[in-house]
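Breakdown of the fold
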Amino acid sequence: LHKNKFTRALVKPVLDTSHELASPSAQPARWAPDIICPEMTKEQIHEIIEAFAKTAKLCKDAGVDGVEVHAVHEGYLLDQFAIEFFNKRTDEYGGPLENRAKFPLQILQAVRRAVGPRFPIDMRISAVEHVPGSITFEDTLAFIGMAEKYIDAVQISCGLDKGFGYNGNVKMSTTIFEPHEINVEYAAAVKKTYPELIVGVVGGIETPERAESILVEGKADLIAIGRALLADPEWVLKAQTGKADQIRPCVRCLQCYHIATEYRNIGCAVN
């Protein structure tokens, strides 16, 4: 729909796609470079903040045990506001990190206000993003410090690679060419800096034994497993029942990742 100017004009009375394509600053759309994403207005910013809050409250009312805000991570909207590569604004939402962080922080604040003080809020964030003009680990630590009063837990991941999108994001979903446990030391540093926060970590954690070691060493409080559960949905059950040697291992081939980004059903090379 976005790629066809005629259909965009035709549906605009009922569906304004410029809002859907909005960005911190005017720039080409990731998947359709001939389309320029307009800079978000402050009215749009406040509308999205309110939408996050309403969604979190709906989740709570539906009986969900907690919510996770996908914050400064992987190049999505909150991340785009926080990093200089995308954010060229000259108002209070642009410039130094304190301003670039304002939008995601206002979302976290609104979510906390909506769900109350005793409802768990987790935040996913990149430790680092491997592109010029993106956040550094020092930025990440600073942002977590700003967000700490609104959240109960933080999950440490890794963000963008040079492709600035799915095709190049080999740090977030590591391949066989990357080391295991790519984010563990970052998580340990976060835990040391913010000992009161519950710290989770994700990224190439291969076995229950390694997961347990990370916990015992105090480097994290929670272990997140993603692709390994596609390879073997009984990963946790086998770990609990002393059958870890029967776990079908994820080989980090990214078969699941590429199929998912082609809008087909999730697949797995070993399952």
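Figured I'd write up the structure that's included with this text. (Residues numbered from 1 in each chain as written. Predicted model: local features only at pLDDT ≥ 70, side-chain atom pairs only at ≥ 80, totals over all residues. Heavy atoms only, no water.)

Regarding the overall build of the chain
- Counting secondary structure elements, the chain contains twelve helices and seven strands.
- Out of the 271 residues in the chain, the part that is buried amounts to 45%. (Helix = DSSP H or I, 4+ residues; strand = E, 2+ residues; numbered from the N terminus. Buried < 20%, exposed > 50% of the residue type's maximum accessible area, 1.4 Å probe, protein only.)

Describing the state of the cysteines
- By the definition in use, this model includes zero disulfides.
- We note that Cys253 lacks a disulfide partner, and the nearest cysteine sulfur, in Cys268, lies 6.4 Å from it.
- For Cys253, a relative accessible area of 42% puts it in the partly exposed group.
- Note on Cys256: no disulfide assigned, nearest cysteine sulfur contributed by Cys250 at a separation of 6.4 Å.
- Classification of Cys256 as buried rests on a relative accessible area of 12%. (Disulfide = S-S within 2.5 Å.)

Examining the sheet that holds strand 6 (residues 198-202)
- Reading across the sheet, the five strands line up as 3-4-5-6-7 and stay open at both edges, with parallel pairing between neighbours. Two strands lie at the open edges of the sheet, namely strand 3 (67-70) and strand 7 (222-224), each paired on one side alone. Taken over all neighbouring pairs, the strand axes of this sheet differ in orientation by 25° on average, direction set aside.
- As defined by bridge partners, strand 3 adjoins strand 4 (residues 121-126) across four bridges and the pair is classed as parallel. Residue pairing across strands places Glu68 opposite Asp122, the latter belonging to strand 4.
- The strands that helix 7 (residues 137-147) touches are strand 4 and strand 5 (153-157); relative to strand 4, the one it contacts most, it runs at about 165°. (Pairing = 2+ DSSP bridges. Axes fitted to C-alpha atoms, helices over the stretch in contact; angles between N-to-C directions. Contact = heavy atoms within 4.5 Å.)

Overview of the pairing of strand 5
- The buried count for strand 5 comes to five of five residues, which makes it a mostly enclosed element.
- Burial of strand 5 is two-sided: the residues Ala153, Gln155 and Ser157 facing one way and the residues Val154 and Ile156 facing the other way are all buried.
- Of the pairings in the sheet, the one linking strand 4 to strand 5 comprises five bridges and is parallel in character. Each bridged residue has a counterpart across the sheet, and for Asp122 the counterpart in strand 5 is Ala153.

Topic: helix 8 (residues 184-193)
- Listed as buried for helix 8 are Val184, Ala187, Ala188, Val190 and Lys191. Projected onto a plane normal to the axis of helix 8, the buried residues spread over an arc of 160° and lie on a single side. Away from its buried face by more than 90 degrees, helix 8 exposes Glu185 and Lys192.
- Contacts from the buried residues of helix 8 go to helix 7, strand 5, strand 6 and helix 9 (208-216). (Arc of directions from axis to C-beta.)

Side note on unusual backbone geometry
- Positive phi outside glycine occurs at Arg252, with the angle close to 55°.
- Mapped onto the elements of the fold, Arg252 is located in the loop between helix 11 (235-240) and helix 12 (255-261).
- Not every positive phi belongs to a glycine, and Leu254 is a case in point at roughly 70°.

A word on the side chain of Gln155
- If you trace the backbone, Gln155 turns up in strand 5.
- On the accessibility criterion, Gln155 (13% relative accessible area) is buried.
- A polar side-chain atom of Gln155 sits 3.1 Å from a polar atom in the side chain of Glu68.
- Within the structure, Gln155 has its side chain in polar contact with the side chain of Arg124 (distance 3.0 Å).
- Ignoring anything within four residues of it in the chain, the contact list for Gln155 reads Glu68, Asp122, Met123, Arg124, Ile125, Gly200, Val202 and Ala224. (Polar contact = N/O pair within 3.5 Å; in protein donor to acceptor, adjacent residues only side chain to side chain.)

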